[in-house]
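Examining the three-dimensional arrangement
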Amino acid sequence: MHISISMKIKALLLSFCLCMLCIACVNSAQKPSNGVKLIPVKNSDASEFLNFAETFSDLPLEAQKKELAATNQSLTLNPNDLNNRMKLVMIYGLPSSNLADSPKAQNLLQQLLQENILANAQLAFAHVMFDYLVASNKVSKNNHDDQKRVELLQQKNEALQLKLEAAQQKLDELKNIEKSMGKRELTPKNN
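The model shown is predicted, which means the values in this text are computed figures rather than measured ones.

What counts, and at which threshold
- The numbering scheme is per chain: residues are counted from 1 as the chain's sequence reads.
- Only residues with pLDDT of at least 70 get local features here, since the model is predicted, and only at 80 or more are side-chain atom pairs given and counted; chain-wide, interface and lining totals rely on the full set of residues.
- Side-chain numbers come from the whole structure's heavy atoms, not from hydrogens or water.
- Secondary structure is summarised from DSSP: a helix means a run of H or I of at least four residues, a strand means a run of E of at least two, and numbering begins at the N terminus for each.
- For every residue, the accessible area (1.4 Å probe, protein chains only) is compared with the maximum for its type, and the residue is labelled buried under 20%, exposed over 50%, or partly exposed between those bounds.
- Under the convention used here, a 1.4 Å probe and the Shrake-Rupley method define accessible areas, while residue burial counts only the protein chains that appear.
- Note on geometry: axes are C-alpha line fits, over the in-contact stretch for helices, and angles between N-to-C directions span 0 to 180 degrees.
- Roughly parallel means an angle under 35 degrees; roughly antiparallel means over 145; roughly perpendicular covers 65 to 115; every other angle is labelled oblique.
- For a crossing to be left-handed, the near helix must be turned anticlockwise from the far one by less than a right angle; the clockwise case is right-handed.
- Residues are treated as being in contact if the distance between any of their heavy atoms lies within 4.5 Å.
- Counted as salt bridges are all cases of a side-chain nitrogen of Lys or Arg within 4 Å of a carboxyl oxygen of Asp or Glu.
- Nonpolar cores were defined as sets of buried Ala, Val, Leu, Ile, Met, Phe, Trp, Tyr and Cys residues, with membership established by side-chain atoms within 4.5 Å.
- Here the aromatic set is Phe, Tyr and Trp, taking the six-membered ring for Trp, and pairing holds for ring centres within 6.5 Å; pairs whose planes are under 30 degrees apart are stacked, those over 60 apart are edge-to-face, and all others are tilted.
- Confidence scores per residue from the predictor, reported as pLDDT, run from 0 to 100.

**Things to note about the overall build of the protein chain**
- In terms of helices and strands, the protein chain carries six helices and zero strands.
- Listed N to C, the secondary structure of the protein chain is α-α-α-α-α-α in terms of helices and strands.
- For the protein chain, the proportion of its 191 residues judged to be buried stands at 26%.
- Summed over its atoms, the accessible surface of the protein chain is roughly 13,800 Å², and 58% of this surface lies on carbon and sulfur atoms.

**Quick notes on the packing of helix α2 (residues 47-57) against helix α4 (residues 82-93)**
- Orientation of α2 relative to α4, taken along the N-to-C sense of each, is 40°, at an axis distance of 10 Å. The angle between α2 and α4 falls in the class oblique. As α2 runs across α4, the sense of the crossing is right-handed. Here E48, F49, F52, A53 and F56 of α2 come into contact with α4, specifically with L82, N83, M86, K87, M90 and I91.

**Regarding the pattern of salt bridges**
- A full pass over the atoms with the stated rule returns three salt bridges.
- K65 is paired through a salt bridge with E62; the nearest N and O atoms lie 3.7 Å apart. Of this pair, K65 and E62 both sit in helix α3 (residues 61-77), three residues apart, roughly one helical turn.
- For K65, a relative accessible area of 40% translates into the label partly exposed.

**Points about the side chain of Q64**
- Inspection of the secondary structure assignment puts Q64 in helix α3.
- Taking relative accessible area as the criterion, Q64 reaches 0% and is therefore assigned buried.
- Those residues within four positions of Q64 in sequence are excluded, and the remaining contacts are F56, S57, L59, S96, S97, N98 and L99.

**Comments concerning the environment of P103**
- Within the secondary structure, P103 sits in helix α5 (residues 102-115).
- Considered as a pair, P103 and S136 are 33 residues apart in the sequence and their alpha carbons are 9.0 Å apart.

**Side note on the packing of α3 against α4**
- Closest axis-to-axis distance for the α3/α4 pair is 9 Å, and the angle between their directions is 150°. The element α3 and its partner α4 pack so that their crossing is left-handed. Across from E67, L68, T71, N72, S74 and L75 in α3, the residues of α4 making contact are N84, R85, K87, L88, I91 and Y92.

**A short note on the nonpolar core**
- Among the nonpolar cores identified, the biggest contains 28 residues, and F49, M86, M90, L109, F125, M129 and L133 are the most heavily contacted of them.
- Of all the secondary-structure elements, those providing two or more residues to this core are α2, α3, α4, α5 and α6 (120-186).
- Broken down by element, the residue count for this core peaks at seven residues, all from α4.

**Considering the packing of aromatic side chains**
- What the rule picks out here adds up to two aromatic pairs.
- With a centroid separation of 5.4 Å and 25° between ring planes, the pair formed by F52 and F56 is classed as stacked. Of the two residues, F52 and F56 are both situated in helix α2; the distance of four residues between them amounts to about one turn of the helix.
- Classification of F52 by relative accessible area gives buried; the value is 9%.
- Accessibility expressed as a relative area gives 0% for F56, which makes it buried.

**Thoughts on the confidence of the model for the protein chain**
- Scored by pLDDT, the protein chain comes out at a mean of 79, with 73% of its residues at no less than 70.
- Considering each helix and strand of the protein chain separately, the mean pLDDT is smallest for helix α1 (residues 2-29), with a value of 53, and largest for α3, with 96.
- The low-confidence segment residues 25-42 (pLDDT under 50) makes three contacts with residues lying over four places distant or belonging to another chain.

Next up, the structure:
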């Protein structure tokens, strides 16, 4: 069931991003009313992010590790590279990632959002990804809290089971004493 929910979230995230990308493309294709011609800016949409998400999701664990190492290496050379910073967010944040670390992805993405350097379509993608990460982290925290509660209840159950076994042992001992007293009363006295 976990895989199907993950796949549904992934599909929902990708379809929403594609919708936002289409809306952004339509809006950027419209000519402004003041007669100024729009010049397309390279990488101003989220298609590169979506392509990376799709290809990264299909990679085996070792290839994902190599992609992480390459992305980190590129970021050491140029820490302000937007594409590599978003790749790092997706490496840690995609539900299909074997290297998932949602809290880390959320922090990295929050830094990007606060810098206000994303184009409109990229911003839409980033907000959807951020909302997914917040929800994922909340679910993870709730699962962790639930697991702690289950462990606590199991400990209490084990303690009660030990008390029940001790009480049963005392009850059995009392029954044995009662039986032995009953046998003494029935046994004739030799005087």
